[in-house]
Amino acid sequence: MDRVSSFDEPLKKLLGGATAKVMAEHLDLHTVGDLLHHYPRRYEERGKLTALADLPLDEHVTVVAQVADARILTFNNGRGKRLEVTLTDGSGRLQLVFFGHGVHKPHKELLPGRQAMFAGKVSVFNRRMQLAHPTYQLLDVSDADEATEAVDAFAGRLLPIYPACKQLDSWRIAKAVDAVLPSAQDAVDPLPASLREGRGFTPLPEALLKVHRPQTKADIEDAKARLKWDEAFVLQVALARRRYADTQLPAVARRPVADGLLDAFDAKLPFTLTEGQEKVSKEIFDDLATEHPMHRLLQGEVGSGKTMVALRAMLTVVDAGGQAAMLAPTEVLAQQHHRSITEMMGELAEGGMLGGSEQGTKVVLLTGSMGTAARRQALLDLVTGEAGIVIGTHALIEDKVQFHDLGLVVVDEQHRFGVEQRDALRSKGKQPPHLLVMTATPIPRTVAMTVFGDLETSVLDQLPAGRSPIASHVVPAKDKPHFLARAWERVREEVENGHQAYVVCPRIGDDAEEAEGKKGKAKKKTAEEDGDKRPPLAVLEIADELRRGTLAGLTVEVLHGRMHPDEKDDVMRRFAAGDVDVLVATTVIEVGVNVPNATAMVIMDADRFGVSQLHQLRGRVGRGSAPGLCLLVSEAHEASPARARLSAVAATLDGFELSRIDLEQRREGDVLGQAQSGVRSSLRMLTVIDDEEVIAAAREEAVAIVAADPELEHLPELRTVLAALLDKEREEYLDKG
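About the thresholds
- Residues numbered from 1 in each chain as written.
- Predicted model: local features only at pLDDT ≥ 70, side-chain atom pairs only at ≥ 80, totals over all residues.
- Heavy atoms only, no water.
- Helix = DSSP H or I, 4+ residues; strand = E, 2+ residues; numbered from the N terminus.
- Buried < 20%, exposed > 50% of the residue type's maximum accessible area, 1.4 Å probe, protein only.
- Areas by Shrake-Rupley, 256 points an atom, 1.4 Å probe, with all protein chains shown as cover.
- Pairing = 2+ DSSP bridges.
- pLDDT = per-residue confidence, 0-100.
- Contact = heavy atoms within 4.5 Å.
- Right-handed = clockwise from strand over helix to strand, strands pointing away.
- Core = buried A, V, L, I, M, F, W, Y, C linked by side-chain atoms within 4.5 Å.
- Axes fitted to C-alpha atoms, helices over the stretch in contact; angles between N-to-C directions.
- Left-handed = near helix turned anticlockwise from the far one by under 90°.
- Nonpolar A, V, L, I, M, F, W, Y, C, P; charged D, E, K, R; others polar.

*Asks:* Would you mind showing me how to read the overall build of the protein chain here?
*Replies:* Secondary structure summary: the protein chain contains 28 helices and 21 strands in total. Across the 737 residues in the protein chain, those meeting the buried criterion constitute 54%. For the protein chain, the exposed surface amounts to about 32700 Å²; the carbon and sulfur share of it is 51%.

Here it is as structure tokens:
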């Protein structure tokens, strides 16, 4: 068998169909290589009995303990049987209980003095901790002397505890690992020998043996250091190759033109750009002036002026004879961008029109719901080059859309677009256009290096002058209902002072559960942390209650995804014009909506939203000269994780700090999992949030290696491992982040 194929061997050949089926369905493990990379979560010291005194309630646990006594009890007039077993470990006692036909086998095996491993979920019955129907494995010994010897032999050994599932316990996984462990010798080592020796790493086969069957704690540290490095390094090599390939593509250089559209625009700006905006603009202009495509990520705090920076880049490209397209994730946002860009440009956005400026250009909107005539005109303006700037949704990507000379693509809110969509838009240029990706969710440096590692990064961390502070408070609706009553009074006060307010709900209502989208599952789980079983609050119901009750007499309108686009646009226009006092909405207002007169926001069931999402939503207020107020309403229990999340959001306006908290709470599987569009993450040992130094060092090595040998001709092992990691889907994910 050659060196790669033993890792590709299907598990059913070695473990039997039933076990392999459970591993595939519940743990996503299909091959020998998958199982060898299914690392222990932690290690028990064998023979050192787990402290029964410290068992966590409602968690699946594995304990190593001794049987103190066992007795069969009858109930239901002798018709029912129950086996009760008491375990001890010197620190405490634990009750086991087995019912019905399940009592016979354990009754024979779990004799006083026997030692075994038990696994199950800790519950409480009659104020005593218990495991009901635990699975167990006897630690095989027959006489007392042998028992002592066996326990002594175990004492120094470390027992791996694997991430398991209900259908397959940790020790059954351990047995399966024993069966495939000889294949560890066939592991293809991706590290160049000089790098491995230079950093003093354990060889890969040895690292796999040490991680699964360590003799000492030092073995575990050795193995982890090596396996973390491999994951970081292989990923960074893939990204470095991607960046290298991009530098080899041709693009048209787009240089600023004196006295053109950009200069005219800058001259009419009523304010000066922040230092941050100047610096980031320079980075972008330098990229646009080169003859290979720019690939830049522009991340900035909510309201730091990203749109302004992007617009100036678009105007530069128009000056240089090209066209610029801005891709937005929703129609509401595309319309909002179109409105704010045409307002900022004034007569410069009316090129060729009566009263338009001579230097001007046409700015067109293209969305799926436009009428046929408007759509035909927009398509004509694009193909003739009459329109220098187009703003649209994925309708821009359709085959019918042709550009005269597409020079720049700006993608707003990167994570909402699939790779294929971005590729389709890029292919509309005569040569690959420049690409600027904007995200309003600040990303910790390590995640940026990992998820967006093929993009150069610019950060806007300064807020423009005139932005006001936002006060945030948690409103505990269940414990203190009078706080909620006060929240509605505050909204009324803001409106009486000439301002406006948002009320955000997780659901549309009218039995529209589907409107919660894919986030629904996550939200349900968060709510259930608090034993809260009611459905999330809904826009239609809350709007109705407010109109009839606490906010009677105010103009209350709704905005949600099921409305017709014209209706949505009409509501947004009236809200922006100040004709609507209170807008009750779903998260459609999360990004890019800009109404400086809106000063208050009440987020209902705030615990149903993620940290980054709450930060995004809050960024819709405090956009003018009056201070902002954000009230996070929740029925979550004071000691719950959900409440801790809300307190973190209320405590800081620093998006980078919050994104770190968010990541620590969700862990990176979630972040990378979404970015990889469902492909299993290759990161099993590396934690993006904790291993910053490893990632930074791996990136440096990867860049040097790819610069010296872009095709990795002298590193066939590294090529092999990359090919295995980058199956087609994951290669596409890495293609654009």
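*Asks:* Quick question: what am I supposed to make of the pairing of strand β14 (residues 434–439) here?
*Replies:* Along any regular strand the residues' side chains alternate between the sheet's two faces. Among the 6 residues in β14, 6 count as buried, and that is most of the element. Burial of β14 is two-sided: the residues H434, L436 and M438 facing one way and the residues L435, V437 and T439 facing the other way are all buried. Here 5 bridges tie strand β9 (residues 295–300) to β14, and the two strands are oriented parallel to one another. Residue H295 lies in a different strand from β14, and its bridge partner there is L435. Summarising the sheet, strand β13 (residues 406–412) and β14 pair through 5 bridges and their orientation is parallel. Of the residues in β14, the one forming a bridge with V411 is V437.

*Asks:* Explain the confidence of the model for the protein chain to me, please; I cannot follow it from the model alone.
*Replies:* Residues shown with low pLDDT carry predicted positions that ought not to be read at fine detail. Per-residue confidence for the protein chain gives a mean pLDDT of 82, with 84% of residues at or over 70. Within the model, the stretch residues 667–680 combines pLDDT values under 50 with 35 contacts to residues more than four positions away or in other chains. Overall, residues 731–737 carries pLDDT values under 50, and its contacts beyond four positions in sequence, including any with other chains, amount to 28 contacts.

*Asks:* Help me out: how do you make sense of the environment of M370 in this one?
*Replies:* Looking at where M370 falls in the secondary structure, it is placed in the loop between β11 (362–366) and α15 (372–384). When the C-alpha atoms of M370 and D566 are compared, they prove to be 8.9 Å apart, with 196 residues separating the residues in sequence. Discounting residues that sit within four places of it in the chain, M370 has contacts with L365, R375 and A378.

*Asks:* What is the right way to read the pairing of strand β21 (residues 628–634) from this model?
*Replies:* Of all 7 residues in β21, 7 are buried, a share of seventy percent or more. Of the two faces of β21, both are covered, the one formed by G628, C630, L632 and S634 as well as the one formed by L629, L631 and V633. In terms of strand pairing, strand β20 (residues 598–603) meets β21 through 4 bridges, oriented parallel. Bridge pairing in β21 places I603 opposite L632. Tracing the backbone out of β20, into helix α22 (residues 611–618) and back to the parallel element β21 gives a crossover that is right-handed.

*Asks:* Explain the nonpolar core here, please?
*Replies:* A general feature of soluble globular proteins is that nonpolar side chains tend to end up buried together. Ranked by internal contacts, the top residues of the largest apolar core, which has 56 residues, are Y502, V503, V582, V584, I589 and I603. Core analysis: the next-biggest nonpolar cluster, separate from the first, contains 39 residues, L298, V318, M345 and L408 among them.

*Asks:* What exactly am I supposed to notice about the sheet that holds strand β19 (residues 582–585) here?
*Replies:* Backbone hydrogen bonds are what pair the strands of a sheet, in a parallel or an antiparallel way. Taken together, 6 strands build an open sheet; the order of strands is β16-β21-β20-β17-β19-β18 and the sheet is parallel. The sheet is open, and its two borders are formed by β16 (470–476) and β18 (556–559), each paired with just one other strand. When the angles between neighbouring strand axes are averaged without regard to direction, this sheet yields 20°. Packed onto the sheet, helix α20 (residues 539–548) meets β17 (500–504), β18 and β19 and runs at close to 175° relative to β18.

*Asks:* Can you walk me through the packing of helix α12 (residues 275–288) against helix α13 (residues 306–319) in this structure?
*Replies:* Each pair of packed helices can be described by the angle between their axes along with the distance between the axes. Taken N-terminus to C-terminus, the directions of α12 and α13 make an angle of 30°; their axes are 10 Å apart at the nearest point. Here α12 and α13 pass one another in a crossing that is right-handed. Judged by residue contacts, Q277, V280, S281, I284, F285 and L288 of α12 engage M308, V309, R312, A313, T316 and V317 from α13. Of the residues that constitute the contact of α12 with α13, the class distribution is 8 nonpolar, 3 polar and 1 charged.

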